[in-house]
Amino acid sequence: MSEINLRGTPIKGLTGTTIGFFFGFAAVALYGPTAIKFHEAMGLSAAQMGLLVAIPSLTGSLLRIPFGAWVDITGGRKPFLTLLMLSALGLAGIILILHKYYPGDMKGMYGLILMLGMLSGCGIATFSVGAGQTSYWFPYSKQGRALGIYAGIGNLAPGLFSLLLPVYLQHYDFISAYSVWFVFLLAGIIIYSLVGINPFFFQLKRSGMTDQESRVKARKMGQELFPAGNIRQVLISSARTADTWKLVLLYFTTFGGFIALTSWFPVYWSEFHGYGPVKAGVFTATFSLLSSFLRVAGGSVADKISGRKTSIISLLIVGLASILLIIARNLPLELTAIILLGTGMGFNNAAVFKLVPVCVPGAIGGAAGWIGGIGAFGGFVIPPVMGALVNLMGTSGYSAGFAIFLLLSIVSFFVVSGMRKQP
């Protein structure tokens, strides 16, 4: 095997995917902690603010579909680097606009800010790339733990930014925060380019071997999962599997919900409760970081009791937390509900990707693209709906908005309960 110079181990592969996703996923929090600045400069309504904080999730979700499938063709390095560089390009555009027009000349700039936010959100799409890449590195028995570590640590990025950005803004100006973020992203691109590595099968194919030869040699080195065909084939194959769409719904509920609330909670705490940016950031980070950390533990739990059982329990917790947030009228009860919500979402997100290699073993990247892409689309759809409820109902709309998660958790519970029992 030495003559073709194979590199890496599953642990090194996991390290690379986790680093790439961590830096890319930070864009989830792009506008949330600073939405009030744009609101003041452009006179935005609650619905417009909801769309603003959600807009990075639009491209971040839709691009997961083709880029996730691309992994099945080339491995993850090219998709990762492409998405991270596109995100950096969008962020550079935002910085230029802010330097030239903020704050006095921002009227009429809303559409452009949305467009640049969409471009910046390309980094969010790294999730399906890393999920497929990680799955190919690990055997079936270790999928839950590996994917839990990958997604859990990667998910920490928006929570950390929700916590740090408000503190930063107390001491430094608004525009410099985006410049620091840009440097952070450039560092991520450089680090990933150095440590990101494709699984053995893709390295062997790149060396000139046929598919069959690559499979045989990679299998001898411990690789158990392999792609089924080209981008079109893996997307069609995974789309024709009914379980793919069941998993899409589960992921829309809790990962789309996670993205939505990470971007919406800064608005919720500041506008509904009147808290300052630092306090709002702390409460937002409590939810986001908890959900991310528990996704790691959720992967190990899913390995032990099955992804299906883990999902069922998690969705019950999400439903209970949603009810509490609808009726809560005091901070202790709200914080309790947020802890429960973060717990349920974190565990269910881990459970979903434990099920992917079992439900769609021949097109993992394609399935990860559909599930991660349409599932994450909830991060784009939900905040504007919650904002529209505020416009319609006034301040009571902030509490009523959590009925969205109650409804989604109920439907998802019945869907996963009806799935065949799986490991």
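Numbering of residues starts from 1 in every chain and runs along the sequence as written. Residues qualify for local features only when their pLDDT is at least 70, as the model is predicted, and side-chain atom pairs are given and counted only at 80 or more; totals for whole chains, interfaces and linings, by contrast, use all residues. Processing note: side-chain calculations cover all non-hydrogen atoms of the structure and skip hydrogens and water entirely.

## Structural notes on a nonpolar patch on the surface
As a reminder, the rule being used: A patch consists of residues whose relative accessible area exceeds 30% and which take part in no salt bridge; residues with like charges are grouped when within 9 Å of each other, and nonpolar side chains (Val, Leu, Ile, Met, Phe, Trp, Tyr) when within 5 Å. Here the accessible surface of atoms and residues is derived via Shrake-Rupley with a 1.4 Å probe, and residues count as covered only by protein chains that are part of the display. Here a salt bridge means any side-chain nitrogen of Lys or Arg lying within 4 Å of a carboxyl oxygen belonging to Asp or Glu. Only runs of H or I of at least four residues qualify as helices and only runs of E of at least two qualify as strands under DSSP, and these elements are numbered from the N terminus. Each residue is placed in one exposure class: buried if its accessible area under a 1.4 Å probe, protein chains only, is under 20% of its type's maximum, exposed if it is over 50%, and partly exposed if it falls in between.
Residues Ile190, Ile191, Leu194 and Val195 make up a contiguous nonpolar surface patch of roughly 360 Å² in combined accessible area. Here Val195 shows up in helix 11 (residues 174-195). Note on Val195: relative accessible area 33%, which makes it partly exposed.

## Digging into helix 16 (residues 277-305)
Because the α-helix completes a turn every 3.6 residues, residues three or four places apart line up on one side. Applicable threshold: The length a helix should cover is 1.5 Å for every residue beyond the first. For a residue, the bend is simply the angle between two axes, fitted respectively to the seven-residue segment ending there and the seven-residue segment starting there.
With 29 residues, helix 16 should reach 42 Å at 1.5 Å per residue; the first-to-last C-alpha distance of 40 Å fits that figure. Of all the bends in helix 16, the largest measures some 30 degrees and sits at Val296. The positive-phi residue at the C-terminal boundary of helix 16 is Ser306, with phi of around 100 degrees.

## Section: the packing of aromatic side chains
Spelled out, the test is: Here is the rule: rings of Phe, Tyr and Trp (six-membered ring for Trp) pair when centre to centre is within 6.5 Å. Planes less than 30 degrees apart are stacked, more than 60 are edge-to-face, and the remainder are tilted.
Taken as a whole and assessed by the stated rule, the structure comprises 41 aromatic pairs. Both rings, one in Phe80 and one in Tyr192, keep their centres 4.6 Å apart while their planes meet at 40 degrees; by these two values the pair is tilted. Here Phe80, found in helix 6 (residues 77-101), pairs with Tyr192, found in helix 11; they are 112 residues apart in sequence, far enough to count as distant. In terms of burial, Phe80 and Tyr192 fall into one category: buried. Residues Tyr268 and Tyr398 carry aromatic rings whose centres are separated by 6.2 Å and whose planes lie at 65 degrees to one another, so their mutual orientation is edge-to-face. Placement of the pair is Tyr268 in helix 15 (residues 242-272) and Tyr398 in helix 21 (residues 396-400), with a sequence separation of 130 residues.

## Observations concerning empty space enclosed by the protein
What counts is decided by this rule: Each cavity reported here is a set of points on a 1 Å grid over the protein atoms alone in which a 1.4 Å probe fits but cannot get out, each pocket an open set with protein on both sides within 12 Å along at least five of seven lines, and each lining residue one with an atom within 4 Å of a point. Grid points are joined across faces, edges and corners, and a volume is the space filled by probe spheres set on the points. Residues are grouped as follows: Ala, Val, Leu, Ile, Met, Phe, Trp, Tyr, Cys and Pro are nonpolar; Asp, Glu, Lys and Arg are charged; every other residue, Gly included, is polar.
A full pass over the atoms with the stated rule returns one cavity of 30 Å³ or more. As for the largest cavity, its lining consists of Phe23, Ala26, Ala27, Leu30, Ser87, Leu91, Ser120, Trp181 and Leu185. When contributions to the lining of the largest cavity are tallied by element, the ones reaching two or more residues are helix 6 and helix 11. Taken together, the residues of the lining of the largest cavity break down into seven nonpolar, two polar and no charged.

## Regarding the environment of Gly188
Within the secondary structure, Gly188 sits in helix 11. With 202 residues separating them in the primary sequence, Gly188 and Val390 have C-alpha atoms 37 Å apart.

## Remarks on the packing of helix 17 (residues 307-327) against helix 22 (residues 403-417)
For the record, the criterion: Axis geometry follows a simple rule: fit a line to the C-alpha atoms, using only the stretch in contact for helices, then measure angles between N-to-C directions, giving values from 0 to 180 degrees. Put simply, angles under 35 degrees are roughly parallel, angles over 145 are roughly antiparallel, angles from 65 to 115 are roughly perpendicular, and the rest are oblique. Left-handed describes a crossing whose near helix is turned anticlockwise from the far helix through less than a right angle; right-handed describes the clockwise counterpart. The contact rule is simple, with two residues in contact once any of their heavy atoms fall within 4.5 Å.
Running from amino to carboxyl end, helix 17 crosses helix 22 at an angle of 160 degrees, the nearest separation of the two axes being 8 Å. Judged by the angle between their axes, helix 17 and helix 22 are roughly antiparallel. Seen along the crossing, helix 17 lies across helix 22 with a hand that is left-handed. Contact residues: Arg308, Ser311, Ile312, Leu315, Leu316, Val318, Gly319, Ser322, Ile323 and Ile326 in helix 17; Ala403, Phe405, Leu406, Ser409, Ser412, Phe413, Val416 and Ser417 in helix 22. Residue composition of the contact of helix 17 with helix 22, grouped by class: 11 nonpolar, six polar and one charged.

## Considering the pattern of salt bridges
Here the structure, examined in full by the defined rule, presents three salt bridges. Linking Lys205 and Asp211 is a salt bridge whose minimum nitrogen-to-oxygen distance equals 3.1 Å. What makes Lys205 partly exposed here is its relative accessible area of 32%. Given a relative accessible area of 36%, Asp211 falls into the partly exposed group. With its nearest N and O atoms 2.9 Å apart, the salt bridge here joins Lys354 to Asp303. Of this pair, Lys354 sits in helix 18 (residues 331-359) while Asp303 sits in helix 16, and the two are 51 residues apart along the sequence. What makes Lys354 buried here is its relative accessible area of 7%.

## Remarks on the nonpolar core
For clarity, the cut-off: Joining through side-chain atoms within 4.5 Å is the link that ties buried Ala, Val, Leu, Ile, Met, Phe, Trp, Tyr and Cys residues into a set, and such a set is a nonpolar core.
The biggest cluster of nonpolar side chains holds 137 residues, and the ones touching the most others in it are Tyr31, Phe38, Tyr178, Leu261 and Phe353. Ranked by residue count, the leading element in this core is helix 15, at 15 residues. Once residues lying within four places of it in the same chain are set aside, the contact partners of Phe353 are Phe127, Ala131, Leu147, Tyr251, Arg295, Ala368, Ile371 and Gly372.

## Quick notes on the side chain of Thr262
Filter applied, for reference: Under the rule applied, a polar contact is a pair of N or O atoms within 3.5 Å (in protein, one hydrogen donor and one hydrogen acceptor; residues adjacent in sequence only if both atoms are side-chain atoms).
If you trace the backbone, Thr262 turns up in helix 15. At 2.8 Å, the side chain of Thr262 and the backbone oxygen of Phe258 are in polar contact. Beyond its immediate sequence surroundings of up to four residues, Thr262 is in contact with Val28, Pro158, Ser162, Thr284, Phe287 and Ser288.

## What to know about the layout of surface pockets
Empty space within the largest pocket amounts to approximately 350 Å³. The wall of the largest pocket is formed by 14 residues, among which Thr74, Asn198, Phe202, Gln203 and Arg206 lie closest to the centre. Of all the secondary structure elements, the ones that give two or more residues to the lining of the largest pocket are helix 5 (64-74), helix 6 and helix 12 (200-206). When residues in the lining of the largest pocket are grouped by element, the largest group, four residues, is from helix 12. The space that makes up the second largest pocket amounts to roughly 180 Å³. Lining the second largest pocket we find 18 residues, and of these Pro33, Ile36, Pro266, Ser270 and Pro277 sit closest to its centre.

## Some thoughts on helix 18
End to end, helix 18 covers 41 Å across 29 residues, agreeing with the expected 42 Å (1.5 Å per residue, within 8%). N-cap assignment for helix 18: the residue whose side-chain oxygen lies 3.0 Å from the backbone N of Leu333 is Asn330.

## Quick look at the side chain of Arg64
Quick note on the threshold: Just so you know, the count uses Lys and Arg for positive and Asp and Glu for negative, and it drops His and the chain ends.
Within the fold, Arg64 resides in helix 5. Notably, Arg64 is buried but unbridged: the nearest opposite-charge side chain belongs to Asp72, and the N-O separation is 15 Å. A polar atom in the side chain of Arg64 sits 3.0 Å from the backbone oxygen of Ile124. Sequence-distant contacts of Arg64, defined by excluding residues within four places in its chain, comprise Phe25, Ile124, Ala125, Phe127, Ser128, Tyr251, Phe255, Ile259, Gly369, Gly372, Gly373 and Ala376.

Coordinates in, geometry out; function isn't part of it.
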